[in-house]
Structures are given as C-alpha cells and as structure tokens.
Amino acid sequence: MISGLHTSISIHVSWFFRNNQASEKRPNFKLFFEKVGNYPSRIENLYFLYSILLRAFNRASHVIQNYDYETGDLKSDIATNEIINRLIQLRNPECQNPFREDELFNDVTKDSVKQQFMTYVQNISRIMNCEECQICKVNGKLQIYGI
C-alpha cells in the first residue's frame, strides 16, 4: 500500500508539474516515466491501493451518502450533495468486492494488521513534514489522510 501511495503522489506531481519559467502547470511526461511509467510493479501497487480504497468506499457509501455536509452556504451545500450523489452513482456493482477480505485479513491477523497500518500512516505523515517540495507534501498529506 505504501508503494501504491508513493506512486499516486508521483503521478499527481508529474501531472500537475509547475513550470517555473512559464508559471504554468502542465504534465511532465519525462518525470512520470522516471518515477512511475517504467516500473510495472509500481502500477500494480497503485492498483492494489485503489482496490483497498474502492472497497472502503463501497462499504462506507451509505454513510457517505447520508452524511450532513451542511456548511452554512446553501450554494456550496447543494454542489457538495450533487458531487457526492454523482460519486455514489459511479459505483459499479461488479466492483463491490475488488478482493476477498477474508483471505487478506483473517480474524487472527485483523487487529494486528489494523494497528500496523495505523502506525504506518502516522509515520508517513511525520515523514511528509520533512519533505522540502511543498507540492509533494500537500499531495502526500491529502492522500494519507484520505486513507
């Protein structure tokens, strides 16, 4: 999962690459291939990460859809609810179970794996504080807290 997260961050950084000379953001394909595209195992790890996220989203979709997103700004509230509803509608019934949880996490290892994962997330968050590149830091923190 950590490699998948690192891959996702690298993809975001290379896609929204800031050209300091022109003050514009544009894809940097050279950076993408240096960090991700030339490494099939990184793409596989990204797939695994997104499978985990997809499963979590599917399991929590009822809560996500019924959550009160009220901000006090009616226009923002309506827009947020529309986005959430569109996101829920994108779910594909064929993707409800992208992997078998009972094979990945059995009763004996479930609590141990959960604790290890929480420790990893906390450690990565601390490491991201030391990252010099602000774009990498922001993308990393957003994705870590999203997980």
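Up top you'll find the structure we're talking about.
Counting of residues starts from 1 at the beginning of each chain's written sequence and follows it residue by residue. This being a predicted model, a pLDDT of at least 70 is required before a residue's local features are given, and a value of 80 or more before pairs of side-chain atoms are given or counted; all residues contribute to the totals for chains, interfaces and linings. Excluding hydrogens and water, the side-chain figures rest on all heavy atoms present in the structure.

Participant: Would you take a moment to explain the overall build of the protein for this structure?
Facilitator: Here a helix means four or more residues in a row that DSSP labels H or I, a strand means two or more in a row labelled E, and each is numbered from the N terminus. A tally of regular secondary structure across the protein gives 7 helices and 2 strands. Expressed as a percentage of its 147 residues, the buried residues of the protein come to 24%. Here, Shrake-Rupley sampling with a 1.4 Å probe gives the accessible areas, and only protein chains in the shown set may cover a residue. For the protein, the exposed area adds up to about 10,900 Å²; of that, 56% sits on carbon and sulfur atoms. Accessibility here uses a 1.4 Å probe with only protein chains present; expressed as a share of the type maximum, an area under 20% marks a residue as buried, one over 50% as exposed, and anything in between as partly exposed.

Participant: Hey, could you run me through the side chain of N28 in this one?
Facilitator: Positionally, N28 belongs in the loop between β2 (24–26) and α2 (29–37). Overall, N28 belongs to the buried group, its relative accessible area being 16%. The term polar contact refers here to a pair of N or O atoms within 3.5 Å; inside protein, the definition further demands a hydrogen-donor-capable atom paired with an acceptor-capable atom, and it admits residues adjacent in sequence only when both atoms are side-chain atoms. Polar side-chain contacts of N28 include one of 3.3 Å to the backbone nitrogen of K30. By the convention used here, residues are in contact when the closest approach between their heavy atoms is within 4.5 Å. Not counting chain neighbours up to four residues away, the residues in contact with N28 comprise S14 and F17.

Participant: Got a minute to help me understand the packing of aromatic side chains in this structure?
Facilitator: Two measures describe an aromatic ring pair: the distance that separates the ring centres and the angle between the ring planes. Geometry of aromatic contacts follows a simple scheme: Phe, Tyr and Trp rings, the Trp one being its six-membered ring, pair when their centres are within 6.5 Å, and the pair is stacked under 30 degrees between planes, edge-to-face over 60, tilted otherwise. In total, this model carries 2 aromatic pairs according to the counting rule given. Ring centres of F32 and F33 lie 5.1 Å apart, and the angle between their planes is 85°; this geometry places the pair in the edge-to-face category. Here the aromatic rings of Y67 and Y69 are separated by 4.9 Å at their centres, their planes lie at 65°, and the arrangement is edge-to-face. The class of Y67 is exposed, set by a relative accessible area of 52%.

Participant: What am I meant to see in the nonpolar core here?
Facilitator: General note: in soluble globular proteins, nonpolar side chains tend to be found buried as a group. Nonpolar core, defined: a set of buried Ala, Val, Leu, Ile, Met, Phe, Trp, Tyr and Cys residues in which side-chain atoms within 4.5 Å join the residues together. In this structure, L5, I9, V13, L31, L49 and I124 together form the largest nonpolar core, which totals 6 residues. Looking at this core element by element, the count peaks at 3 residues for helix α1 (residues 2–15).

Participant: Would you take a moment to explain a nonpolar patch on the surface for this structure?
Facilitator: Residues form patches when they are more than 30% accessible in relative terms and have no salt bridge. Like charges link within 9 Å. Nonpolar side chains (Val, Leu, Ile, Met, Phe, Trp, Tyr) link within 5 Å. When a carboxyl oxygen of Asp or Glu is within 4 Å of a side-chain nitrogen of Lys or Arg, the pair counts as a salt bridge. A contiguous nonpolar patch, built from W15, F16, F29 and F33 and spanning about 460 Å² of accessible area, is present on the exposed surface. Among the secondary structure elements, F29 is positioned in helix α2.

Participant: Would you explain the packing of helix α3 (residues 40–66) against helix α4 (residues 74–89) in this entry?
Facilitator: Each pair of packed helices can be described by the angle between their axes along with the distance between the axes. Between N-to-C directions, angles cover 0 to 180 degrees, with each direction set by a line fitted to C-alpha atoms, over the stretch in contact for helices. Where α3 contacts α4, the axes come no closer than 11 Å and their chain directions differ by 150°. Between α3 and α4, the angle is such that the two are roughly antiparallel. Viewed along their axes, α3 and α4 form a crossing whose handedness is left-handed. Residues F57, S61, I64 and Q65 of α3 lie in contact with α4, whose contacting residues are I84, N85, L87 and I88. Of the residues in the contact of α3 with α4, the class split is 5 nonpolar, 3 polar and no charged. When describing relative orientation, an angle under 35 degrees is termed roughly parallel and one over 145 degrees roughly antiparallel, while 65 to 115 degrees is termed roughly perpendicular and anything else oblique. Should the near helix be turned anticlockwise from the far one by less than a right angle, the crossing is left-handed, and should it be turned clockwise, the crossing is right-handed. Basically, the charged four are Asp, Glu, Lys and Arg, the nonpolar ten are Ala, Val, Leu, Ile, Met, Phe, Trp, Tyr, Cys and Pro, and anything else, Gly included, counts as polar.

Participant: What exactly am I supposed to notice about α4 here?
Facilitator: For an α-helix, 3.6 residues make a turn, and residues three or four places apart therefore share a direction. Expected helix span is taken as 1.5 Å per residue step, with the number of steps being one fewer than the number of residues. The end-to-end C-alpha distance of α4, which contains 16 residues, comes to 22 Å, matching closely the 22 Å that a straight helix rising 1.5 Å per residue would cover. Buried within α4 are the following residues: D77, I84 and I88. Taken end-on, α4 shows its buried residues confined to a sector of 35°, consistent with a single buried face. Opposite its buried face, α4 presents the exposed residues K75, R86 and Q89, each directed more than 90 degrees away. On its buried side, α4 packs onto α3. Note that the arc is computed from the directions linking the helix axis to the C-beta atoms.

Participant: Can you help me understand α3 in this one?
Facilitator: Compared with the 39 Å implied by 1.5 Å per residue over 27 residues, the 38 Å span of α3 between its first and last C-alpha is a close match. At A60, α3 shows its maximal kink, close to 60°. Two axes are fitted around each residue, one to the seven residues ending there and one to the seven starting there, and the angle between them is reported as the bend at that residue.

What is shown is where atoms sit, not what they do.
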